[in-house]
Amino acid sequence: MKHVIIGNGVAGTQAALAIRKTDPQAEISIVSESSHLFYYRPRLIEYLAGEATLDSFTIHKQDFYEKMSIKNVLSTEVAKIIPGDNRIMTKEGSSVPYDRLLVATGASCFIPRIEGVDKEGIFSMRSVGDADKIREYAKGKAKAVVIGGGLQGLETAHSLSKLGLEVTCVEVAKWLLPRQLDAEGARLLQRLLEEKGLSFVFPDFAASFGGKDGVERVTLKSGRQLDADLVVICAGIRTRSRLAKEAGLKVNKGVVVDDHLQTSAAGVYAAGDVAEHNQRVYGLWPAAKEQGEAAGLNMAGRTTEYAGTTPSSTLKVTGIDLYSAGDFNSGQGRSVLSSDHDGAYRKLVLEGGRPIGAIVVNDAQAMKAASEVFAGKAQIEEFKKYF
Amino acid sequence: MQKYVCTVCGYVYDPEKGDPDNGVNPGTAFENLPDGWVCPVCGADKSLFEPQK
């Protein structure tokens, strides 16, 4: 059986390993645009800050792929998938036949159409190449603006400030991380980040980028202007599903897959950030890993169901511990406990005495207790004692 | 029992908890993890773990 995998991120790599585990004879090739071996993407942000070498988070070295008999083809762009013919075409023009194909092309950063967005000095931050470009351009620069105050935006802003830049982060919502935090929790997070040297502007968004050649300033919707020698746009991701779409596969927000990670084309699977399962595109490492594993097992003939991934409620943003679970808004019939001593914030929402939501900012012990309470492994009192 | 940290992703192997999702019972010392056990978060192999200080 010939297996071809497009993309060497976590989904593609995990699938290759699952196939190998199931079928020692299978022929496995991973073809990827990236010139780098598979690495642990969440640590790119440390690489951007100059605090980690790529080698330290490259998970498997080249000899590992040889040992596993996985052909790992880097720096190779796939131009076309031809499902009717069971083969793909690379940009260089070689034709690669397959029995089973996995589309694991991942996601790219969403770049809003803002006037001047193509100016020099405006970047996105997704790959080693992006980080290299930003680091190079940042040399001798003073001021950076990050568009987007979500998780990626905050981490990127933090890394840029470690490179010595004065960073302002612009967020469109009323407070930071509105999906994870209430106003009070977000205020504390903001204060902690301001103590780390970051500045914030919200609710506002970029209306245009000005400057002669390179970007020099950002004009916001409110009319306010920010000086900027460098801009990084962190406005979310979009699936890289063009190849699949052109091949006639069913694509919605991402490449649509069933519970076996199979696409609408026979013998073709999809997993990771490019895949849409149950109307959901995750864009999260653990989900991509689980999907890759399940896809690989199915490709190798071991029927395996993927039932979705529950996103973790514990987060770390720029080293600050956050916990956010369930419905944390007050409402009729609900009682709310909150406390903000010792530079931390904790909130617990109960309905009929039952915990239905919680937030913790900057208290690792309370976060641990909260996650145990919500996993049903501890009594509410274990969490309440931190209030 | 000694905990071990994955140097790639920061996952901590706690022998008291084991790794039940991957067939490792609570109480299994790091040294006794089966061959082929890898970090459940990033997939790094055992050689990339260090004792937690």
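Above this text sits the structure in question.
As the structure is a computational prediction, the values presented were derived from the model and not from experiment.

1. Overview of the environment of Lys368 of chain A
Residue and element names in this part refer to chain A.
Working step 1: With respect to the helices and strands, the residue Lys368 is situated in helix α9 (residues 364-374).
Working step 2: When its relative accessible area of 47% is taken as the criterion, Lys368 is described as partly exposed.
Working step 3: In sequence terms Lys368 and Thr314 are 54 residues apart; their C-alpha atoms lie 8.6 Å from each other.

2. Some words on the nonpolar core
Working step 1: One finds Leu189, Leu230 and Val361 of chain A together with Cys42 of chain B to be the most contacted residues of the largest nonpolar core, which totals 110 residues.
Working step 2: Setting aside anything within four residues of it in sequence, one finds Leu189 of chain A in contact with Leu154, Leu176, Leu177, Leu181, Ile320, Leu322 and Val361 of chain A.
Working step 3: By size, the runner-up hydrophobic cluster in this structure holds 15 residues, among which are Val170, Ala206, Leu220 and Leu226 of chain A.

3. What about the interface of chain A and chain B?
Working step 1: Across the boundary between the two partners, chain A contributes 9 residues, which contact 10 residues of chain B.
Working step 2: Taken over both partners, the interface formed by chain A and chain B buries close to 720 Å², and the fraction arising from carbon and sulfur atoms is 51%.
Working step 3: Considering only the surface of chain A that becomes buried against chain B, Tyr40, Ile59 and Lys289 of chain A emerge as the three largest contributors, covering 53% of it.
Working step 4: Where chain A touches chain B, the interface holds 0 salt bridges.

4. Here we look at the pairing of strand β21 (residues 314-317) of chain A
Along any regular strand the residues' side chains alternate between the sheet's two faces.
Residue and element names in this part refer to chain A.
Working step 1: Pairing analysis gives 4 bridges linking β21 to strand β22 (residues 320-326), with the strands arranged antiparallel. Residue pairing across strands places Lys316 opposite Asp321, the latter belonging to β22.
Working step 2: The antiparallel pairing of β21 with β22 creates a hairpin that spans 2 residues between the two strands, and Thr318 there sits at a positive phi of about 50°.

5. A short note on the side chain of Gln14 of chain A
Working step 1: Following the sequence through the fold, Gln14 of chain A ends up in helix α1 (residues 10-22).
Working step 2: Gln14 of chain A has contacts with Lys289, Gly292 and Glu293 of chain A, leaving out every residue within four places of it along the chain.

6. Brief notes about the sheet that holds strand β6 (residues 95-97) of chain A
All names here are of chain A.
Working step 1: A sheet is described by the order of its strands in space; here 3 strands give the open sequence β4-β5-β6, paired in antiparallel fashion. Single-partner strands in this sheet number two, and they are β4 (78-82) and β6. Each adjacent strand pair in this sheet contributes to an overall mean axis angle of 20°, direction not counted.
Working step 2: Judged from the 4 bridges that link them, β4 and strand β5 (residues 87-90) form a sheet pairing that is antiparallel. Pairing of Val78 across the sheet is with Thr90, part of β5.

Rules and cut-offs
- Residues numbered from 1 in each chain as written.
- Chains lettered and ligands numbered in written order.
- Predicted model: local features only at pLDDT ≥ 70, side-chain atom pairs only at ≥ 80, totals over all residues.
- Heavy atoms only, no water.
- Helix = DSSP H or I, 4+ residues; strand = E, 2+ residues; numbered from the N terminus.
- Buried < 20%, exposed > 50% of the residue type's maximum accessible area, 1.4 Å probe, protein only.
- Core = buried A, V, L, I, M, F, W, Y, C linked by side-chain atoms within 4.5 Å.
- Contact = heavy atoms within 4.5 Å.
- Buried area = accessible area lost by both parts, 1.4 Å probe.
- Salt bridge = Lys/Arg side-chain N within 4 Å of Asp/Glu carboxyl O.
- Pairing = 2+ DSSP bridges.
- Axes fitted to C-alpha atoms, helices over the stretch in contact; angles between N-to-C directions.

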